[in-house]
Amino acid sequence: MKASSYRLGLICLLLYVLLIGSACAAESDEEDEDEITFRDFSLNIGDRVDLDDYQMELIEIQSLRDGLVVMRVSRVGGSLDEQRALLLDSPNNFDGGAEKGGVTITITDIFDEQSARVRLEYEQKLGTPRKRASDRPAAMPEKPELLVQKSFDRNEMHVGDEVKVTITIKNTGTGTANDIDVQDIPPLPEFTYIAGYPPKIKETLDSGQSDSAVYILNAAREGSVQIPAVVVSYADSKKNSKSNSSEPFSIIIRPKSKADLVINVEDTPPLVLDEEGLLNISISNQGSASATRIEATGEVSPSDGLEIKGLDKSFFEIPPGDAANFSARISGHKRGIYTIRLKVSYDDGDGSVIREATSRAVVLKREYKYQYLLVIIPIIIVSAWIYRRHREYKY
Amino acid sequence: MLNVLMLGVGQCGNRILDAMNKEAFGGGGASKLAKYYLRPKFPSRVETLAINTAVNDLKELRFTTAKDRLHVPNLHGVGANRNVGKQAFMENRDMIMGEIEKRGDFDIAFVITSTSGGTGSSFSPLLINELKRQYKDIAVITVAILPFREEGSIYLQNAAFSMRELMEVDAEGIILADNQYMKRFSGDIASAYDKINNMIAQRLLFLIESLDSEMLSVTDLGDFKTVMNGGLRIGTMGFYQADSKNLSIRDAIENSLKPGNLLYPANVADDAARAMIIIQGSREHLDVDEITKAVEKLSASAGHVFKGIMVKKGRPKILSVFTLASAPELEGIYAQAARAMQEEKEKRTRARKQLDDAFAHIEDLEEIY
């Protein structure tokens, strides 16, 4: 009996617990249904979120810069149909907002001109919001993108050299770039500009279009120069301002290039009297600039006894690394050692310069091929004669 | 041009011939090496031949070519024996004459020989005979050298006999030179020989030159032959060259005749038979009047005098050639030779007797062993 009462008591206790539990649960459900919850959605233009009979559609990213997004909120039945520009991070209440059974929409982030993150706040009783992707194809956003490039036609130059600077702007984006403005830092102290500055670039560049401007500078001071970037600013069709800049780089300006003529006069092998020989002369430009108005004149010391033809020459220009070669004919009329002095005057690009070189020419006595016979034959003849006489008188 | 044959026979003749060849190279100033670079320059066509039986004598010659040295093979000389010399000549006559014949024809031949030696004294008379036989028109003049008197009895004997034979041959004449007389020119015999040889050589060449030159006053071979045929056909030569202090031509002529300038001691004024005076010098020195006076003076004693004048730059040079009408000096030589021979004979007899007396000691004995 006792056991059955125990069992009954246990059952009653369980029932009580269940009754209490279910009563508490009913109370709790009522409270939960009034609780406000939220949910974030990433929406592209045209995407819609349905919640109960609310329909919320992302219409447009009106201004990326200002954080303005246009959304349309409506209710099935037509009791609500409103299109509103929503400011970033500003809650917007519809139908009194979430606290009053409506919805509150906040733009929490704008990804780009096509998408944004939207937070939807609502009462839980309204159910679960569902995202409906737009059936319309996504419209290509108009996004101009300007690439800017600044280049010198050479990385190394000499003081006084002209250098061509090219600014190239190319619209690699999808929209038209407007109000293009190029900001190039004026010529540095290392340069003086000659022509074409400041660079002129079209104000508008359609997608894929490019424009360039060239200006010419003159290197004025030697040294390593860091060339600052060129900055281009522009606006898209929605007046969104953008800018871009080129990569900075450095160039080297070397000292002013000059011509440096080196004269090489080959020593001639010894000449025999009245024999002709060649004096080979090479004037090479080992400088970095062309030598111009080159005049070569020669003189011989002592002045008589050695005749030279073709030693005086003139050349208009000898480019750097190049050489002018010529030969002079020399013939000796008097034996001796002669000094040939060659004087070369030229313009090295910075003024007139004179260079000198000397060579030596030796004029020997006429050499007879079998000259030794002149000694040997008489000795033989005299010896033969003496021997003959000796034999004649030998008894 | 005169064709002259100069034959030096025997050692003395060879040396005088060699001196002539040396003179032909330029005289006393000629270097010993002159023969290597010069040719002998004779005034005429002169052929020389040195003949000797002694090879060593021929080898000593310095200015005579080898082809002009003829060795007559007879061992080593004839040892001053004229008989051996004569035999050697006769045995080699054809060879000797063949050598001479190779040298062509001649107008005059000088046979230079010592009278005292072996080869020269024996060969010369025979050689002259052969020359005369072979060359019909040749004039042969013997230049005979008399020996030093102290050289020995054989040389004196040879001189005596040789001179006699030379006088007997058919030569145009004999020019005598006396070594004994000329010895005074030098202290020692060796240098005296050289000096005598050179002196004789110079005079002979001067003579040849004068016989074959264009002259102001001509003397030719005929005149010379005439002179040499005069008197004893024995003559001698005098020579004088004026010095710068006295250039008188007359004095030069007279000096050339003085005994001191002769090859053989003679008194021209007393002994000369015929003479020839050859004068050479620059024109300014050749005063004809002076020459004539000097020649006239000589003519007064010597009979006929030929004179020849050669104009040649230089101081006056005079060569006098004359023949003697008498030769008293020769007689002295012969006397001396005879004495020497007599002494030699007596000495030999005495020696023989002594030897015979010695042999007498063993006359009746026989060798016992």
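Just so we're clear, the structure is a prediction, and the values are computed from it rather than from any experiment. (Residues numbered from 1 in each chain as written. Chains lettered and ligands numbered in written order. Predicted model: local features only at pLDDT ≥ 70, side-chain atom pairs only at ≥ 80, totals over all residues. Heavy atoms only, no water.)

Draft legend 1. Structural detail: the overall build of chain A. In terms of helices and strands, chain A carries 2 helices and 28 strands. The buried share of chain A, taken over its 395 residues, is 34%. In chain A, the share of contacts with a sequence separation of at least 24, taken over all contacts with a separation of at least 6, comes to 64%. As displayed, chain A offers around 23,200 Å² of accessible surface, 50% of which is attributable to carbon and sulfur atoms. (Helix = DSSP H or I, 4+ residues; strand = E, 2+ residues; numbered from the N terminus. Buried < 20%, exposed > 50% of the residue type's maximum accessible area, 1.4 Å probe, protein only. Contact = heavy atoms within 4.5 Å. Areas by Shrake-Rupley, 256 points an atom, 1.4 Å probe, with all protein chains shown as cover.)

Draft legend 2. Structural view of the overall build of chain B. If you tally the helices and strands in chain B, you get 13 helices and 10 strands. Counting across all 369 residues of chain B, residues that qualify as buried make up 54%. Pairs at least 24 residues apart make up 81% of the contacts formed inside chain B by residues separated by at least 6 positions.

Draft legend 3. Looking closely at a nonpolar patch on the surface. Taken together, the side chains of Y370, Y372, L373, L374, V375, I376, I377, I379, I380 and I381 of chain A present a nonpolar region at the surface, about 970 Å² in accessible area. Here I379 of chain A is to be found in helix α2 (residues 372-393). (Patch = residues over 30% accessible without salt bridge, like charges linked within 9 Å, V, L, I, M, F, W, Y side chains within 5 Å. Salt bridge = Lys/Arg side-chain N within 4 Å of Asp/Glu carboxyl O.)

Draft legend 4. Spotlight on the pattern of salt bridges. All names here are of chain B. Tallying each qualifying case throughout the model produces 41 salt bridges over all chains. Between E99 and R103 there is a salt bridge, with its nearest N and O atoms 3.2 Å apart. The pair formed by E99 and R103 is uniform in burial state, with each residue classed as buried. Salt bridges sharing common partners tie together K67, D68, E99, K102 and R103.

Draft legend 5. Molecular detail of the interface of chain B and chain A. Each partner contributes residues to the interface: chain B has 20 residues there, and chain A has 10 residues. Carbon and sulfur atoms supply 52% of the area that chain B and chain A bury against each other, a total of about 1,200 Å² over both sides. Scanning the region where chain B abuts chain A turns up 1 salt bridge. Residues R39 of chain B and E392 of chain A are paired through a salt bridge, measuring 3.3 Å at the closest nitrogen-oxygen approach. Listed by contribution, the elements that provide at least two residues to the side of chain B that touches chain A are α2 (34-37), α3 (55-59) and β3 (69-71) of chain B. Ranked by residues supplied to the side of chain B that touches chain A, first place goes to α2 of chain B with 4 residues. (Buried area = accessible area lost by both parts, 1.4 Å probe.)

Draft legend 6. Seen up close, helix α9 (residues 221-228) of chain B. Residue and element names in this part refer to chain B. Of the positions making up α9, those classed as buried are L221, D223, F224, V227 and M228. For α9, the buried positions fall inside an angular range of 160° around the axis, keeping them on one side. For α9, the N-terminal capping position is held by D220, with its side-chain oxygen 3.2 Å away from the main-chain nitrogen of G222. (Arc of directions from axis to C-beta. Polar contact = N/O pair within 3.5 Å; in protein donor to acceptor, adjacent residues only side chain to side chain.)

Draft legend 7. A look at the sheet that holds strand β21 (residues 271-272) of chain A. Residues and elements named next belong to chain A. Spatial ordering of the open sheet is given by β21-β28-β27-β23-β25, a layout of 5 strands whose pairing is mixed. Looking at the sheet topology across the chains shown, the edges are occupied by β21 and β25 (313-318). In this structure, β21 lies alongside strand β28 (residues 352-364), joined through 2 bridges in parallel fashion. Paired with L271 across the bridge in β28 is V363. (Pairing = 2+ DSSP bridges.)

Draft legend 8. Broad picture of the environment of K195 of chain B. Within the fold, K195 of chain B resides in helix α8 (residues 189-211). On the basis of relative accessibility, which here comes to 44%, the residue K195 of chain B falls in the partly exposed class.

Draft legend 9. Here's a closer look at the packing of aromatic side chains. Residue and element names in this part refer to chain A. Under the defined criterion, the tally for this structure stands at 13 aromatic pairs over all chains. Here F152 and F249 contribute two aromatic rings whose centre-to-centre distance is 5.6 Å and whose plane-to-plane angle is 80°, an arrangement assigned as edge-to-face. Residue F152 is found in strand β10 (residues 146-152), and its partner F249 is found in strand β19 (residues 249-254); the two are separated by 97 residues along the sequence. The exposure classification of F152 matches that of F249, with both residues buried. Ring plane angle 45° and centroid distance 5.8 Å describe the contact between F315 and F326, whose orientation is recorded as tilted. (Phe/Tyr/Trp six-rings, centres within 6.5 Å; stacked < 30°, edge-to-face > 60°.)

Draft legend 10. Broad picture of the sheet that holds strand β14 (residues 191-195) of chain A. Residue and element names in this part refer to chain A. Taken in spatial order, the 4 strands make up an open sheet running β10-β12-β15-β14, and their pairing is antiparallel. In this open sheet, the two edge strands, each paired with only one partner strand, are β10 and β14. Ignoring strand direction, the axes of neighbouring strands in this sheet form an average angle of 30°. Here strand β12 (residues 162-171) runs beside strand β15 (residues 210-219); their pairing, made up of 9 bridges, is antiparallel. Note on β15: the bridge partner recorded for K170 is S210. (Axes fitted to C-alpha atoms, helices over the stretch in contact; angles between N-to-C directions.)

Draft legend 11. Region of interest: the side chain of E190 of chain A. All names here are of chain A. Within the element layout of this structure, E190 appears in the loop between β13 (178-183) and β14. Here E190 occupies a buried position and makes no salt bridge, while the nearest side chain of opposite charge, R221, is found at 4.8 Å. Residues contacting E190, with those up to four places away along its chain left out, are N218, A219, A220, R221, V225 and I253. (Lys, Arg positive; Asp, Glu negative; His and termini not counted.)

Draft legend 12. Structural detail: the confidence of the model for chain B. Residues at a pLDDT of 70 or more form 97% of chain B, whose mean pLDDT is 88. Overall fold confidence (pTM) sits at 0.55, and the ipTM for the predicted complex is 0.78. (pLDDT = per-residue confidence, 0-100.)

Draft legend 13. Fine view of helix α5 (residues 119-134) of chain B. Residues and elements named next belong to chain B. With 16 residues, α5 should cover 22 Å at 1.5 Å per step; its first-to-last C-alpha distance of 21 Å lies within 8% of that length. Along its length, α5 shows its largest kink, about 25°, at P125. Every buried residue of α5 is listed here: T119, G120, S121, S122, F123, S124, P125, L127, I128, E130, L131 and K132. (Expected span 1.5 Å × (residues − 1). Bend = angle between axes of the 7 residues up to and from the residue.)

Draft legend 14. Expanded view of the pairing of strand β1 (residues 3-9) of chain B. Residue and element names in this part refer to chain B. Within β1, 6 of the 7 residues are buried, which leaves the element mostly enclosed by the surrounding structure. Direction of pairing for β1 relative to strand β2 (residues 45-52): parallel, over a ladder of 7 bridges. Bridging across to β2, L7 finds its partner in L49. Bridge analysis of β1 against strand β4 (residues 108-114) gives 6 bridges, and the strand direction is parallel.

Draft legend 15. Here's a closer look at the packing of helix α10 (residues 249-256) of chain B against helix α12 (residues 288-302) of chain B. Residue and element names in this part refer to chain B. In contact at an axis separation of 8 Å, α10 and α12 are set at 30° when each is read in the N-to-C sense. Taken together, the axes of α10 and α12 are roughly parallel relative to one another. For the pair α10 and α12, the sense of crossing is right-handed. In contact with I249, R250, I253 and E254 of α10, α12 contributes E290, I291, K293, A294 and K297. Split into classes, the residues belonging to the contact of α10 with α12 amount to 4 nonpolar, no polar and 5 charged. (Parallel < 35°, antiparallel > 145°, perpendicular 65-115°, else oblique. Left-handed = near helix turned anticlockwise from the far one by under 90°. Nonpolar A, V, L, I, M, F, W, Y, C, P; charged D, E, K, R; others polar.)

Draft legend 16. Structural detail: the pairing of strand β17 (residues 231-235) of chain A. All names here are of chain A. Here 4 bridges tie β13 to β17, and the two strands are oriented antiparallel to one another. Following the sheet pairing, V182 is matched in β17 by V232. Bridge count between β17 and strand β18 (residues 241-245): 5 bridges; the pairing is antiparallel. Residue pairing for β18: A235 is matched across the bridge by S241. Where β17 folds back on β18, the antiparallel hairpin that results is connected by 5 residues, among which K239 adopts a positive phi of roughly 65°.

Draft legend 17. Molecular detail of the nonpolar core. Residues and elements named next belong to chain B. Membership of the largest hydrophobic core comes to 59 residues, with the highest contact counts inside it found for L7, I100, L127 and L131. Among residues more than four places away in sequence, those in contact with I100 are L5, L7, L49, F106, L127, L131 and Y135. By size, the runner-up hydrophobic cluster in this structure holds 49 residues, among which are A24, F110, I112 and A192. (Core = buried A, V, L, I, M, F, W, Y, C linked by side-chain atoms within 4.5 Å.)

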